[in-house]
Amino acid sequence: MEADHDGEPKITYARNKVRTTKYTVLTFIPKNLYEQFRRIANLFFLTLVILQLFPIFGAPTGAIAVMPLAFILAVTAVKDGIEDYRRSVLDEEVNNSAATKLDGGWRNVNQKTDPRSRFEKLLGLNPPGRVTKGVRKLREMEAGQARIVLNRGQEDSSSELTNDISSSSLDLSGAQARKLSDIQSVDSSHNYPPSNSNTSPSSEWGQVGNLQQYQDSVRSATSSGVVNWSKRGGGTARWERTLWKKLEVGDIVLLRDNDQVPADIIVLSTSDPDGMCYLETKNLDGETNLKPRKALRATSSISSEDDVERSSFYIDSEPPHQNLYHYHAVLRYLDPASKESKQEPVSINELLLRGCSLRNTSWVIGLVVFTGQDTKIMLNGGDTPSKRSKIEKETNFNVVVNFVLLALMCLAAAIFSGLEDAKTGTSAELFEQGTDPTSSRVVNAIIAFVSCLIAFQNIVPISLYISIEIVKTIQAYFISQDIDMYYQPFDTACVPKTWNISDDLGQIEYVFSDKTGTLTQNVMEFQKCSINGVAYGEGVTEAQKGAATREGKEFMDPKELNEKLSALTKQMVAIMERTFKNRYAQYDKLTLVSPKFAEDLADRSRDQRGHIIAFFRALALCHTVLSDKPDPTNKPFHLSYKAESPDEAALVAAAREAGFPFVNKLKDLFEIEVMGQSEKYTLLKTLEFNSTRKRMSVLMRCPDGRIILYCKGADSVIYERLAKDHDQGLAEQTKKDMEMFANNGLRTLCISYRYVDEEEYFTWVRTYDAAINSIENREEAIDKANEMVEHSLRILGATALEDKLQEGVPEAIEMLHRAGIKLWILTGDKLQTAIEIGYSCNLLKNDMDLMILSADSHEQTRSQIEAGLNKIASVLGPPTLDPKKRGFVPGLQASFAVVIDGDTLRHALTPELKPLFLSLGTQCETVVCCRVSPAQKALTVNLVKEGRNAMTLSIGDGANDVAMIQEANIGCGLFGLEGSQAAMSADYAFGQFRFLTKLLLVHGRWSYQRVADMHSNFFYKNVIWTLAMFWYLPFNGFDATYLYQYTFILLYNTVFTSLPVIIMGAFDQDINAKAALAFPQLYVRGIRGLEYTRGKFWAYMADGLYQSAVVFFVPFLVWTYGTPNSWTGRTINGLSDFGTTVAVSAIFAANTYVGLNTRYWTLITWIIVLGSTIVMWIWVIVYSFFPSQDFIDEAFILFGTVPFWTTVFLTVTICLFPRFLVKIFKSTYLPLDKDIIREAWVVGDLKDQLGLGHRKGKKGKQMSASSLEAAPMMRVPQNQSLSDLGYDAPSPRPRSGDQYFDSPPMAETHELTTREPVQYAQSKANPMNNDLLTPNLYVDRQTASVSPQPSYYSASEIPPPSPLPSPKYKYPSGEVTTQQQALQAQHQQAYPPPPSSYLQPQSAAAASSSSHLRGPSSSSSVNQYGHGFERSGSSASYATNMSYATATEHMWSEQPAPQQSQHPNNPYYQGFGDDDENDAYGGVALDREDDDKSTVLGHSARAAGVSPLVDNGNSNTPRASVASTWEGPRAM
């Protein structure tokens, strides 16, 4: 430590007080103004405000001009202030948390005697040694609480209560006369920051371990490490309560069980005899598993205040840095006995990090080494990357366009003003003498330019930004209040953390997801194992069920399966209970179901029994698990385990249930039971697991004195270290078993052992200890030492754990696929495990062509990627980068999936191969990346985001997902077992993966639609207002005379027209949430960015230009060619009269225009849209009463005249009529998918089909029970697509006529492989009769092929088929039957199945229609294309070159179209006529039969010439549709 001449330390360390706020009381105003004026628009308006203060520019009231800008700045400042205040409250909560440090007569030599600043010294503030108000308040609060005193001098600690706290000393020495006084902790909760401690400490310090043996051994030594026992202590040091913010570098602190660590602290000593303590790092890295930490050997004897006073040492530490997993320092001291200088290395294993929680440790004494902003949690707590939405970025372009337009308008005005000024011989020389600002025409033109800049400033929307802030705040509130995204187990709803990107949720094209804990529950179950080559375990995994379903085999009912497993479990337990007594068993948690295992364990005549015992003994010993008895009095044999990972806890728990419980660990002594017999092993060394080693080992001394090494880890690592003379048959069989387990979706570990002789051990331990104590290259030396002993292993067996899927994950993934969203799964699992889990959760499907990339070198990776690209190109053609063809519609073209392992991905992400891998991955619907590191996750997300300029979303639950969460456009974090780090770093945090569908398909789609419409309408309303003044320039000599009264200009954007667009942005809905979820294909418009395009922007600008001309020239013509007079007797010919008429017309038209574009009218919408216009009229009346030069009595003059009202309403009508016609035409002849669904919801039967009720009864129509039963939700047992039934949807022919942007790219459509056609019947008693049949889906699921490419993984069982309704036939007589008659059979035609989206099974009661569907041609063409690998049995051969197996696909041809009279009003009709050859794919439309009845029509019926049912002589033209897929019951 460097000291000055006074002996004071030169270095000043950071305070432990943290501040995450952006502002302070003094810096808020200047800093916030600086932040706001970084927006160029605000700077522009500030410049205009300053210019308006000069009378030369003609602004009527310059001082008032500052009001709109001041209002915007004030509202934004208040919002920023509230957000910052919330952060400051959190900071205060952290800084004022309670801690315990050594004080009294002990002085921290690392701090100055008087650390005050000169200013504080001058004013006499905060003198040294003074107890501050906060500390005093803390101590007073704790003074009245009962405290626990534990007598540590006996084996069984006795407790007593005392209220005497006059002495705050804490002695941990363990001598008979000394007692351990309990001190209350910060908080026992798991949350960071800690909350204030105001609970009784009796419940927190009830569990304290015994120190007697440890302390006696310490006292027996004359000297131990840094403690000089011969030195007399001062006796004045004592433990005192203080606040976190008062801690400083060099302080000695005391932590108790469940305390949160207040700073980065080096562990000096602990209550554990081995110096161990356990840390929960949940708040730091998101992991809830306990991490072991240990005390320094030299300081481990410190156990009281006196011991600290007797100690002398110093620490050389590296400077603060962000790495959470690395720390290096050296403890240096003078040995009191030998007087030799000694040193001991300090690593991350001896460091407690701020924000973590102490667990399962009675007390820890530590030294504060880093405080405040220097701690690792603060260094890693950098600001979340600033994210801006896609529309916000595009808004800058629109604002720039308006800036350019404004500049051109002002330039034109300045030029023409100069030309007017240059004219001579005009009346201006007589009537306008002295009006020119200067004598220079050029200067006058410049002044005219600036005056126009002020007059036309509203074309750049000053209130746009604040309006967007308000809208997105409301949207975030709605998201947070959605009850469908509330997760009760965690008592949390969806929490929006970044409010300004909600519209990006509606444009996501790629979702990147973690698997463990995100798609799965992260709850491990020991399902199977392999011991000595024999596999055990009868449990059926979810991956097995998915594989069985995929292969079309029968599988028993889940209830029957559970009963079978329950019976097997009872049989197994009965055998085990007869064999031995297991006091610690918890059979209700038994997951390894295998009666054969119990039989082999009970059979003493076979060698297998010994192998089983050796295997489970290894599981009971090779771990770092802590054993605990939660209720030792009432349940003395109930053990619970706390481990660093759920995998390890599951393994030890499985050993417990099998009869090999790990009972306790006392110092280095492991106590286990083996089939009821106690065994004790001495732990010699633990070689810890890490991601590089992929294994862990323990060296134990057996009861017979031999030394044994147990090692468990990944099979690849263990097999590399097997003994040369190992049984190859056993190794091969175990490897096959592990492959089988992995194919079933299980996580595997290999268990091995070897005996170590004494000489080898002692030779090795010297090397290992030297590596541990090395100062430089410590990690490398330890790895080399580990390699010296971890060799010549022998296999005991393998374990297989299952991580079950979360609820609703398969359905959620299926819905995201149907929405056109591509999923990338980034997981650390093995390749086979990831594939099977992918199939079980609908990530991978039968109709997907699966390509596996697994290469060992850069060139092999290139070869496999190029092979995959060639394969896709041979089927789909060359890739396209057209944004309007983003997304996909499932079933319309061949689909591909890629699975790539970690090593291959490492090569694929190199600069040379990145473009190839990007092209391959983005052409696939699903990509699964295995064995991926956190850094690779972020690189993969960045590759797609930047390489394709695509909108990406990342979702995860752990700290290892933070990098990809922050890299994506939208980051979502799950609250869960892996802690809160991912949720803290995310933009949106919620409880379950399935909530992502509602967030994207409903809230995201709404937000995108709302913000897009709001932007367009905002620019429109500013154009109509500003350009009306521009048209007035030629009539005032281009001198920028104001057309409107100045208050209109000030209030236009802030009062008169701002609220309607805000309400549109906050509340508008094009379709209901239920319909949005039923038809996820509607989401594709957001992926393609079709709601907010530059074309739409220019269209609204053009609309504003047209309407501005109308609102000016219509009143101008009235005023020019008419002589209106007021009822007051005054003529209406003044500028204020004309300008007010134009202003009222413009405001009325703008608000009505916004209302015309609003789709969802609520009470608030009515009030705001109508109320804004009414407020404007009220303002005209009120302001007329105030004396002014140009507006006095204006309301009395105008409002009492018929020409004024006629002009206003005529103007508004002319303005809006073209827009109204366009909307009518588009909705009638060019409807979008959402328009059709909306109409079906509002006036059709969509609600009935979705099984939803009506708020009001349908007019003239009584819902009957039979009609409700006819709804698809009540007719079909499951929502099943054709792919679920084993059929591919036919590929329709591309359409060359009308092209709709929300249709899929038909140019890339290719025909798919077909199966046995489904017969659709059409039967008539009379060919001309209109009583036709309702088509009903009939599939022979027993004979139908399931997949064109059977799975390469087999399963033993499959689920039974779900029954489907038989076809029903209705005849003219009204008879309904399931049998066909001869006459009808003559007219029957067979057709292949349509896409699943066309199928809507209905009951006969709802039938009055016929079907006509496409069928296969007599001569099917064959198209061959390659496959990336061959599926064969239960293995896959990987493609490394261009040689492929081939498969055929049948082409579809069109059947002749039926006559017009044959298919009236058929909701399932899909006939194709000559005009429909280019129809993209079937959709739906509504053809109203009468006022209270509507029918769903396929839009191709119109092209085929099908007319609707005629009622009362009226008929409506069928509606065209581009609906992606009318999914019917599957969509419901």
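Residues numbered from 1 in each chain as written. Predicted model: local features only at pLDDT ≥ 70, side-chain atom pairs only at ≥ 80, totals over all residues. Heavy atoms only, no water.

Participant: Please set out the packing of aromatic side chains residue by residue, giving values where relevant.
Facilitator: On inspection of all chains with the given rule, the structure shows 58 aromatic pairs. Centroid distance Phe526 to Phe616: 6.5 Å. Interplanar angle 45°. Geometry classified as tilted. Residue Phe526 is found in strand S18 (residues 520–531), and its partner Phe616 is found in helix H17 (residues 608–621); the two are separated by 90 residues along the sequence. When the centroid spacing of 5.1 Å and the interplanar angle of 85° are considered together, the rings of Phe615 and Phe616 count as edge-to-face. For the pair Phe615 and Phe616, one class covers both residues: buried. One aromatic cluster is present, formed by Phe456, Phe1030, Trp1031, Tyr1032, Phe1035, Phe1112, Phe1113, Phe1116, Trp1119 and Phe1138 through successive ring pairs. (Phe/Tyr/Trp six-rings, centres within 6.5 Å; stacked < 30°, edge-to-face > 60°. Helix = DSSP H or I, 4+ residues; strand = E, 2+ residues; numbered from the N terminus. Buried < 20%, exposed > 50% of the residue type's maximum accessible area, 1.4 Å probe, protein only.)

Participant: Outline the pattern of salt bridges, listing residues and values.
Facilitator: Taken as a whole, this structure holds 46 salt bridges when the rule is applied. Where Glu525 meets Lys804, a salt bridge forms, and the shortest distance between an N and an O atom there is 4.0 Å. Linking Glu525 in strand S18 with Lys804 in strand S28 (residues 794–805), this pair joins segments that are 279 residues apart in sequence. Accessibility expressed as a relative area gives 22% for Glu525, which makes it partly exposed. With relative accessibility at 23%, the residue Lys804 sits in the partly exposed group. (Salt bridge = Lys/Arg side-chain N within 4 Å of Asp/Glu carboxyl O.)

Participant: Go over the sheet that holds strand S8 (residues 276–280), please, and point to the residues and values.
Facilitator: Here 3 strands make up an open sheet; going across it, the order is S9-S8-S14 and the pairing antiparallel. Of all strands in the sheet, those with a lone pairing partner are strand S9 (290–294) and strand S14 (357–359), marking the two edges. Across the sheet, the mean angle from the axis of one strand to that of its neighbour is 40°, orientation sign disregarded. (Pairing = 2+ DSSP bridges. Axes fitted to C-alpha atoms, helices over the stretch in contact; angles between N-to-C directions.)

Participant: Account for the sheet that holds strand S22 (residues 662–666), with residues named and values stated.
Facilitator: The pairing of strands in a sheet comes from backbone hydrogen bonds and takes either a parallel or an antiparallel form. One open sheet accounts for 9 strands, arranged S19-S18-S28-S27-S26-S25-S24-S23-S22; its pairing is antiparallel. Either end of the sheet is taken by a strand with one partner, and the two such strands are strand S19 (534–536) and S22. Going from strand to strand, the sheet's axes swing by 30° on average, the running direction of each strand aside. Here 7 bridges tie strand S26 (residues 707–713) to strand S27 (residues 747–756), and the two strands are oriented antiparallel to one another. The partner of Lys712 across the bridge, within S27, is Ile751.

Participant: Kindly report on the nonpolar core, identifying the contributing residues and their values.
Facilitator: Generally speaking, soluble globular proteins have nonpolar side chains that are buried together. Judged by nonpolar contacts, the single largest core of 99 residues is most densely connected at Phe456, Trp1025, Tyr1044 and Phe1048. Looking at this core, the element that brings in the most residues is helix H31 (residues 995–1031), giving 13 residues. Other than its neighbours up to four places away in sequence, Tyr1044 contacts Trp1025, Ala1028, Met1029, Ile1049, Gly1139, Val1142 and Ala1143. If you look at the next biggest cluster of nonpolar residues, it comprises 55 residues, including Met576, Ala620, Ala643 and Ala658. (Core = buried A, V, L, I, M, F, W, Y, C linked by side-chain atoms within 4.5 Å. Contact = heavy atoms within 4.5 Å.)

Participant: Outline a positive patch on the surface, supporting the account with residue identities and numerical values.
Facilitator: On the surface, a cluster of positive charge is made up of Arg130, Lys133, Arg136 and Lys137. If you trace the backbone, Arg136 turns up in helix H5 (residues 133–143). Its relative accessible area of 37% is what places Arg136 among the partly exposed residues. (Patch = residues over 30% accessible without salt bridge, like charges linked within 9 Å, V, L, I, M, F, W, Y side chains within 5 Å. Areas by Shrake-Rupley, 256 points an atom, 1.4 Å probe, with all protein chains shown as cover. Lys, Arg positive; Asp, Glu negative; His and termini not counted. Charge placed at Lys NZ, Arg CZ, Asp CG, Glu CD.)

Participant: Now, about helix H24 (residues 831–840): what can you tell me, with residues and values included?
Facilitator: Of all 10 residues making up H24, 9 are buried, and the element is well covered by its neighbours. Leu831, Thr833, Ala834, Ile835, Glu836, Ile837, Gly838, Tyr839 and Ser840 are the residues of H24 that are buried. Of the residues one or two after H24, Asn842 is the one with positive phi, at around 70°.

Participant: How would you summarise the confidence of the model for the protein if you had to cite specific residues and measurements?
Facilitator: With 73% of its residues at a pLDDT of 70 or more, the protein shows a mean pLDDT of 75. With pLDDT under 50 throughout, residues 1259–1367 is counted as low confidence; its partners more than four residues away or in other chains account for 310 contacts. Note that residues 1380–1532 has pLDDT below 50 and, in this model, 441 contacts with residues that lie over four places away or in other chains. (pLDDT = per-residue confidence, 0-100.)

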